[in-house]
Amino acid sequence: MTSTNPFKDQSLSLTNKLLPCTLHVLLPIALLPIALFSIYFYLPPFTPSSPTHLPYSYPSSLSASSTEKEKAFEKQCDYFNGKWVHDRGNPLYNGTTCVIIKQSHNCISNGRPDSDYLYWRWKPNQCHLPRFEPITFLQLIKNKHIAFVGDSLARNQLESLLCMLATVSTLKLLHHKGSRWWHFPSHNATLSSYWSPFLVQGVERTKTGPRYNTMYLDHVNERWARDMDQMDLIVLSFGNWLLIPSIYYEGDKVLGCLNCPDLNYTDIGFYGSLRKALRTTLNSIIERRAAKGNGIGVIVRTFSPSHFEGDWDKGGTCSKIKPYRNGEKQLGEMDAEIRRIEIEEVEDAKEKAKHFRGFRLEALDVTKLALLRPDGHPGAYMNPFPFANGVSQYVQNDCVHWCLPGPIDTWNEIFLEMMKRWEEQPRRED
């Protein structure tokens, strides 16, 4: 574990850097019914797959040949560093063929006039990233439950994945308390979305309610954790909700707060709280699953930078129509630090759980490839035909989430390659 003080002070100058990220939180509150976050569905309990069918389970022994294969695996490609190159291949789906796309992400159907943003592919520096293969993905998750846990970017990525899978197999919506589940009967595969923006237990601030988030950094959120035994792979996605004014607890003790000048608490920033929340989450998965001998896979999606030009709530836009070239845009200090914390916590958790059979943990490091795509957000086209009556003085833009189809499809192409590598990589017995 890192010995760095988890609650190092951040300068108040970070406040302006945090404002773009708050669209992720405040825009849904201001423009969409809060009920979108609290719709609950009901269905009979899902029967999890047998541990003997887990794609992440270990063989009974490790041969010398598998050791050689493992060494070769460790040298395989880094998908996370590269550049965007123009490509005329069509997306697998569009806003008409995939009916589950959230309207605010359906940019073409909302009237976005340009389409060049659809025709770029991510090219890693040292290898080739194959196009997404829906059949292959479904075969890998046969008889499995893949859960996307976290914020609205988790749902954004899941919608992309569902749209691509639905091009080859019929999709059915199931009902489950506290989450949404989608089922592919052809492969008995289930994918789900759990709203849990802090990952740990907490109360979200609202437009009419509390002024501050409240987070209990030592307690995982049971909204999703209670179903952990029914999950075979968990994709964790969070960060933006920790960047707005918050009060942090451990047990019954207030540790401090973020941007709370009217409270008699110490402002401790958010880096340490983000680290603690992720550490608590990964420790809970290890303790509840891996330590009991029940294999599970975990993916931590790293931070996705926003692209506002100006303040999000004062007319800030993201009107660029081409990706940045390498070197044209540098990762900001805050975004880089969030990514660093996420990577460190993943590596620390992997070390902690290295002796537990069947446990897989990796970072889906999207930070750089997302940074280079300012053209991929809905922008003004988060709403249908925003300029139909002329150009108004102020049009709200979404420069946090991603158009569907769009650059976020690449996240799932890399996700698939990670799963394929997991399937091919030999597993250690100890």
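A quick note: this is a predicted structure, and the numbers were derived from the prediction, not measured.

**Student:** A description of the pairing of strand S6 (residues 189-195) should follow, citing residues and the corresponding values.
**Tutor:** The element S6 is extensively covered by neighbouring structure, given that seven of its seven residues are classed as buried. Burial of the side chains of S6 extends over both faces: Ala189, Leu191, Ser193 and Trp195 are buried on one face and Thr190, Ser192 and Tyr194 on the other. By the bridge criterion, six bridges tie strand S3 (residues 145-150) to S6 in an arrangement that is parallel. Residue pairing across strands places Ile146 opposite Leu191, the latter belonging to S6. In this structure, the hairpin formed by strand S5 (residues 179-184) and S6 is closed by a connection of four residues, where Asn188 is found at a positive phi of approximately 50°.

**Student:** Please set out the sheet that holds S6 residue by residue, giving values where relevant.
**Tutor:** Spatial strand order, S4-S5-S6-S3-S9-S12-S13: seven strands in an open sheet with mixed pairing. Both edges of this open sheet fall to strand S4 (172-176) and strand S13 (359-364), since each of them pairs with a single strand only. Neighbouring strand axes in the sheet, compared pairwise and without regard to direction, differ in orientation by 20° on average. For S4 and S5, the ladder comprises five bridges, and the chain directions are antiparallel. The residue bridging His176 from the neighbouring strand is Ser179, located in S5.

**Student:** Tell me about the environment of Glu345, and please be specific about residues and values.
**Tutor:** Mapping Glu345 onto the fold places it in helix H8 (residues 333-352). Between the alpha carbons of Glu345 and Leu282 there is a distance of 8.4 Å; along the sequence they are 63 residues apart. Once you skip the residues sitting within four places of it in the chain, Glu345 turns out to touch Arg275, Leu278, Arg279 and Leu282.

**Student:** Run through the state of the cysteines, naming residues and quoting values.
**Tutor:** Summed over the entire model, instances satisfying the criterion amount to five disulfides. Here Cys98 is linked by a disulfide to Cys163, with a sulfur-sulfur distance of 2.0 Å. Looking down the S-S bond of the Cys98 and Cys163 bridge, the torsion is -80°, so its handedness is left-handed. You can see Cys98 sitting in the loop between strand S1 (82-86) and strand S2 (120-124) and its partner Cys163 sitting in helix H5 (residues 152-165), a full 65 residues away along the chain. Look at Cys98 and you get buried, because its relative accessible area is 7%. With relative accessibility at 2%, the residue Cys163 sits in the buried group. Each sulfur of the disulfide joining Cys257 and Cys260 lies 1.5 Å from the other. By relative accessible area, Cys257 is classed as buried at 0%. Given the relative accessible area of 3%, Cys260 is considered buried.

Analysis parameters
Here the residue index of a chain counts from 1 through its sequence in written order. It should be noted that, the model being predicted, local features are given only for residues of pLDDT at least 70 and side-chain atom pairs only at 80 or more, the latter also being counted only at that level, while totals for whole chains, interfaces and linings use all residues. As a rule here, side-chain values come from all non-hydrogen atoms in the structure, and water together with hydrogens is ignored. Partly exposed describes any residue whose relative accessible area lies between the buried limit of under 20% and the exposed limit of over 50%, with all areas from a 1.4 Å probe on protein chains only and scaled to the type maximum. Strands here mean DSSP runs of E at least two residues long; helices mean DSSP runs of H or I at least four residues long; both are numbered from the N terminus. Strands were regarded as paired on the criterion that DSSP finds at least two bridges between them. Convention adopted: a line fitted to C-alpha atoms gives each axis, helices being fitted over their contacting stretch, and angles between N-to-C directions are expressed from 0 to 180 degrees. Residue contacts are counted whenever heavy atoms from the two residues lie within 4.5 Å of one another. Note on terminology: pairs of cysteine sulfur atoms within 2.5 Å are recorded as disulfides.

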